[in-house]
Structures are given as C-alpha cells and as structure tokens.
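Notes for the structure review
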Amino acid sequence: MAYKKLIVLLAFFTLSIVTKAQDTDPNLGIIPAPVSVIKSPGTFTLSQETSLFADTLTNKAVIFLSDYLQNTTMLRIPVKLNSGVNKNNSIVLTSAGTDGLPAEGYRLTITPTKIIIAAKGAGLFYGIQSLIQMMPLERTATAKLPCVQIEDYPRFGYRGSMLDVCRHFFNISFVKRYIDLLAAYKLNTFHWHLTDDQGWRIEIKKYPKLTSVGGFRKETLIGNYYDRNPQQFDNTKQGGYYTQDEIREVIKYASDRYITIVPEIEMPGHAGAALAAYPQFGCDSTINYQVLTKWGLITIFSALQKKRSHF
C-alpha cells in the first residue's frame with residue numbers, strides 16, 4: 001500500500017512540474033532546449049474545429065502528426081493541402097519561411113489564431129516534436145498552447161543512442177517504444193547492438209543455428225562479475241532473436257521518424273554465440289564453445305586460459 005501511495009505522489013509531482021513548466025521554464029519544457037524562444041501574450045486553442053494544412057499530404061512528418069492527433073489526443077483532424085491562404089484556427093506545416101535555417105532546423109510560431117511550423121525534411125519532424133512536448137499531459141476536448149516564436153536547429157549532426165539486446169533481449173514492441181523516445185528528443189541515430197558473446201539476435205537464413213543455438217544462453221550471471229564469490233546464476237534460459245521481416249519493420253519504423261539504424265555485428269571478436277552455433281569455425285576444435293552466461297571481455301580467451309597458461 002505504501003508503494004502505491006508513493007507512485008501516486010510521484011505521478012502527481014511530475015504532472016505538477018510539467019504543468020508549471022510552460023509558465024516558469026524559459027524553454028517551455030522543450031527538450032533539448034531550443035536555440036531561441038520568444039514568448040508572446042495569449043494562447044492558441046487546439047480543438048476538433050482546428051484545421052491542419054500541409055504542403056505535401058504524403059510527407060512522413062505530416063502523416064506522423066496526423067496520426068498523433070487522432071490516436072493520442074483523439075482529435076480527428078484531416079490533413080488538407082496548403083493553398084497559401086489558410087483560415088484562422090489552423091496548423092500549417094510548410095517549407096515557406098525557411099530561408100537561412102541550418103540543416104534539420106525549424107521555425108515554430110504560435111499565435112492566438114494559428115500554428116505555423118516552417119521547415120524542411122527532418123526539421124519539420126523536429127518542429128512537430130517540440131509542438132507535442134508543449135501539449136498538456138491531461139487529455140481533454142481542447143488543449144491550450146502558449147503563444148511563442150521558436151527557432152531551433154541541432155548543434156551536433158550525429159545524435160545517437162545504443163541499445164544492447166545481446167545481454168538482455170527486448171521484443172519488437174519495446175524496440176519501437178525505444179525509437180519513439182529517441183524521436184521525441186530529436187535523436188537521429190539508433191545504434192542497435194545485435195551480436196555478441198551472450199547472444200546472436202539477427203536471423204541469417206544461410207546459417208540458422210546462429211539464432212536457434214546462438215540466440216539463447218542457458219542462464220545468466222546474477223549481478224556484476226565480482227559481486228559474489230562463488231558466482232551465482234539465475235538458472236533461467238534467456239534469449240530470442242529478430243526475423244529478417246522484423247528487422248525490416250523496425251528499419252521502416254525508425255526511418256518514418258528520421259532515425260538511421262547503425263547495426264553492430266561483431267566478427268571475429270566477441271563471437272562466442274556464433275562459435276557456439278558453428279564451432280568448426282573456431283581456432284581450437286577441443287574447446288566446448290557455449291553462449292556466454294557471464295559479462296566482460298572473456299570470449300575465446302577465457303576458454304584458452306584453462307588450457308594454456310601463457311594466454
């Protein structure tokens with residue numbers, strides 16, 4: 001019961017901070033902080049009566065915002081082609097007014113009658129992410145957004161994060177959620193660590209044992225390498241892998257959010273899982289290669305140390 005009360009208090013505390021952020025935070029709660037934020041009096045009211053206009057209806061950033069409004073805010077606002085003469089109470093996504101903007105930059109302007117996001121390519125998507133971050137957490141029939149002029153562009157071209165699914169496997173739903181978080185904070189690179197000593201996670205049809213054998217380990221070390229003496233294990237089989245179709249699905253999902261996937265496939269180093277699947281490719285036929293159950297840089301050398309003291 002005490003634990004549940006703590007969760008409720010933390011949730012209330014977080015909601016209070018977010019609610020007050022637009023009043024007290026010079027950056028309106030936008031992460032990362034924009035290059036320039038100029039606040040103005042008044043608010044824009046987003047509602048079912050709001051119109052959505054875009055230069056191109058098939059632009060993936062435009063589709064993303066339309067889907068977000070329908071599925072998250074429950075505002076079913078159809079996208080209309082931007083004619084250049086838009087009515088009040090509208091959101092306009094356009095490449096007009098982007099002169100002098102650096103790559104991946106955007107200009108977001110909110111007035112009492114209109115929201116304009118001016119950008120090209122990934123910049124339009126990042127402007128949409130900033131707009132989403134400004135929306136209130138509570139879901140009601142309308143949402144009030146503060147009037148502001150924002151100009152923003154990234155300081156770094158490569159903005160990435162790595163997910164290691166070798167030591168701990170995560171399913172496709174989790175990977176997509178992880179990509180959603182990268183996109184929300186305007187990261188553009190997903191380093192996907194797919195193979196290592198503790199597991200092989202990508203389907204290679206020519207070598208099926210890479211996943212049927214190398215994709216699973218018999219147990220996992222509890223804690224860190226030197227936490228316990230003797231070491232203890234959880235006695236639980238752990239593993240999994242992604243089919244080629246699932247890999248393609250994730251690549252498209254990331255691309256729709258302007259994220260490039262960098263796969264990490266380690267060969268010949270850290271090849272314990274691969275050698276467990278195909279020991280004939282190892283250097284010593286007397287070694288019983290297994291998918292490693294411990295952490296650390298201990299691949300083949302740990303096995304060799306038992307046989308040759310000079311290693």
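Look a little higher up for the structure.
Residues numbered from 1 in each chain as written. Predicted model: local features only at pLDDT ≥ 70, side-chain atom pairs only at ≥ 80, totals over all residues. Heavy atoms only, no water.

Let us now look at the overall build of the chain. Along the backbone of the chain there are eight helices and 14 strands. For the chain, buried positions account for 41% of its 311 residues. Summarising the internal contacts of the chain: among those between residues at least 6 apart in sequence, 70% fall at separations of at least 24. Summing over all exposed atoms, the chain offers an accessible surface of approximately 17200 Å²; the carbon and sulfur share of this is 59%. (Helix = DSSP H or I, 4+ residues; strand = E, 2+ residues; numbered from the N terminus. Buried < 20%, exposed > 50% of the residue type's maximum accessible area, 1.4 Å probe, protein only. Contact = heavy atoms within 4.5 Å. Areas by Shrake-Rupley, 256 points an atom, 1.4 Å probe, with all protein chains shown as cover.)

At a closest axis distance of 10 Å, the pairing of helix α4 (residues 172-184) and helix α6 (residues 244-255) adopts a crossing angle of 15°. With respect to each other, α4 and α6 are oriented roughly parallel. Considering how the two elements wind past one another, α4 and α6 form a crossing that is right-handed. Counted together, I172, V175, K176, I179 and D180 of α4 and E246, E249, V250, Y253 and A254 of α6 form the full contact between these two elements. Along the lines of polarity and charge, the residues of the contact of α4 with α6 split into six nonpolar, no polar and four charged. (Axes fitted to C-alpha atoms, helices over the stretch in contact; angles between N-to-C directions. Parallel < 35°, antiparallel > 145°, perpendicular 65-115°, else oblique. Left-handed = near helix turned anticlockwise from the far one by under 90°. Nonpolar A, V, L, I, M, F, W, Y, C, P; charged D, E, K, R; others polar.)

Pairing in this open sheet of three strands is parallel, and the strands run β8-β9-β14 from one edge to the other. Edge positions in the open sheet fall to β8 (160-164) and β14 (260-264), since each of these has one partner strand only. Across the sheet, the axes of successive neighbouring strands diverge by a mean angle of 20°, strand direction being ignored. The pairing of β8 with strand β9 (residues 189-193) spans five bridges and is classified as parallel. Within β9, the position partnered with G160 by the bridge is T189. (Pairing = 2+ DSSP bridges.)

Taken together, the seven strands give an open sheet; going across it, the order is β1-β7-β5-β6-β4-β2-β3, and neighbouring strands pair in mixed fashion. The open sheet has two free edges, formed respectively by β1 (36-46) and β3 (79-81), since each of these has just one partner strand. Pairwise comparison of adjacent strand axes, ignoring direction, gives a mean angle of 25° for this sheet. Where strand β5 (residues 106-110) and strand β7 (residues 143-152) come together, five bridges link them in antiparallel fashion. Bridge pairing in β7 links Y106 to D152. Of the strands in this sheet, β1, β2 (51-54), β3 and β4 (90-94) are in contact with helix α2 (residues 60-71), which crosses β2 at around 165°. Along the sheet face, helix α3 (residues 122-134) touches β4, β5, β6 (114-119) and β7 and points at about 35° away from the line of β5.

In this section: the nonpolar core. One finds L93, F190 and W192 to be the most contacted residues of the largest nonpolar core, which totals 64 residues. Ranked by the residues each element gives to this core, the list is headed by α3, at eight residues. Dropping the residues within four chain positions of it, F190 is found in contact with S161, L163, V175, Y178, I179, L182, I259, T260, I261 and V262. (Core = buried A, V, L, I, M, F, W, Y, C linked by side-chain atoms within 4.5 Å.)

Here we take up the pattern of salt bridges. Applying the stated criterion across every chain, the model contains eight salt bridges. Across the pair D245 and R248 runs a salt bridge, and its minimum N-O distance is 2.8 Å. Of this pair, D245 and R248 both sit in helix α6, separated by three residues, roughly a single helical turn. For R248, a relative accessible area of 48% translates into the label partly exposed. Ionic pairing is found between K252 and D256, a salt bridge with its closest N-O pair at 2.9 Å. Via salt bridges that share partners, D164, R167 and D196 belong to a single interconnected network. (Salt bridge = Lys/Arg side-chain N within 4 Å of Asp/Glu carboxyl O.)

Their axes nearest at 9 Å, the elements α2 and α3 cross at an angle of 20°. Viewed along their axes, α2 and α3 adopt a mutual orientation that is roughly parallel. Seen from above, α2 lies across α3 with right-handed handedness. From α2, A61, V62, F64, L65 and Y68 reach across to α3, where they touch L124, F125, I128, Q129 and I132. Partitioned by chemical class, the residues of the contact of α2 with α3 number nine nonpolar, one polar and no charged.

This next bit is on unusual backbone geometry. The linkage connecting I31 with the following residue, P32, adopts the cis geometry, with an omega of -5°. The residue after M267, namely P268, is reached through a cis peptide bond having omega 5°. Examined against the element boundaries, P268 turns out to sit in the loop between β14 and α7 (272-277). Of note, L28 is a non-glycine position whose phi angle comes to about 60°, a positive value. By the element assignment, L28 lies in the loop between α1 (2-24) and β1.

Honestly, it's all geometry; don't read function into it.
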